[in-house]
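Architecture at a glance
This is what each chain is made of:
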Amino acid sequence: GLTVKVGDPAPDFKLTDLDGKEVTLASLKGKVVLLDFWATWCGPCVAAMPTMQKLHDEYQSKGVVVLGVNTWEQKPQAAKDYIAKKKYTYGCLLKGDDLAKAYGVPGIPTLVVIGKDGKIVEAEVGLADPTGNALRKVIEAALKK
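These notes cover the structure that comes with them. Not measured: the values here are computed from a predicted model.

Describing the nonpolar core
Among the nonpolar cores identified, the biggest contains 50 residues, and F13, L35, F37, L67, Y103 and I114 are the most heavily contacted of them. Looking at this core, the elements with two or more residues in it are β3 (32-38), α1 (43-59), β4 (64-70), α2 (78-86), β5 (91-93), α3 (97-103), β6 (110-114) and α4 (133-144). Those residues in contact with F37 that sit more than four places away from it in its chain are C45, V69, T71, G96, L99, A100, Y103, V105, I108, P109, T110 and V112.

Some points on unusual backbone geometry
Excluding glycine, most residues fall at negative phi; most peptide bonds, likewise, are trans. For the bond running from I108 to P109, omega is 0°, close enough to zero to count as cis. If you trace the backbone, P109 turns up in the loop between α3 and β6. Phi angles above zero are rare outside glycine, and K87 is one such case at about 60°. Looking at the secondary structure, you find K87 in the loop between α2 and β5. Of note in the backbone geometry, K95 takes a positive phi value of approximately 55° without being a glycine. Relative to the elements of secondary structure, K95 occurs in the loop between β5 and α3.

A few points about α4
Along an α-helix, a turn takes 3.6 residues, which lines up residues three or four apart on a common side. The end-to-end C-alpha distance of α4 is 17 Å, a good match for the 16 Å that 12 residues give at a rise of 1.5 Å each. L135, R136, V138, I139, A142 and L143 are the residues of α4 that are buried. The buried side chains of α4 occupy one side of the element, clustering within an arc of 165° when seen end-on. Structural note: α4 exposes K137 and K144 on the side pointing more than 90 degrees away from its buried face. Packed against the buried residues of α4 are β3, α1, β4, β6 and β7 (120-125).

Parameters and conventions
- Residues numbered from 1 in each chain as written.
- Predicted model: local features only at pLDDT ≥ 70, side-chain atom pairs only at ≥ 80, totals over all residues.
- Heavy atoms only, no water.
- Core = buried A, V, L, I, M, F, W, Y, C linked by side-chain atoms within 4.5 Å.
- Buried < 20%, exposed > 50% of the residue type's maximum accessible area, 1.4 Å probe, protein only.
- Helix = DSSP H or I, 4+ residues; strand = E, 2+ residues; numbered from the N terminus.
- Contact = heavy atoms within 4.5 Å.
- Expected span 1.5 Å × (residues − 1).
- Arc of directions from axis to C-beta.

Dropping the structure here:
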């Protein structure tokens, strides 16, 4: 199962987004970060993405960064094509396999919320609440810290 627990420092990462820009966890200090480990072939992942987009729309101006971490993808272009087709605008990081290993991701989607101090405030496998309200509560609490 997940090797990261609430209260642990989140393992750092250095991954590339769809535009080829490098994104590190260190560069996001002071923000609340929501990581969504996903793949295009994963039905529950794809079902969770509209919720990720909603959270991005609601919170991006409040210091929250939503990042899909594309993991265990079979075709290099799959993520980029899918996101373009669906017109999602939240961040997407590519080649997340090593990061998934670092976090001990057992299956996808896995959602991890990292607080402003770089510590994990929530880690769950699967989107238990498709409305996103459970994640909203976690995000709101993390923003107040």
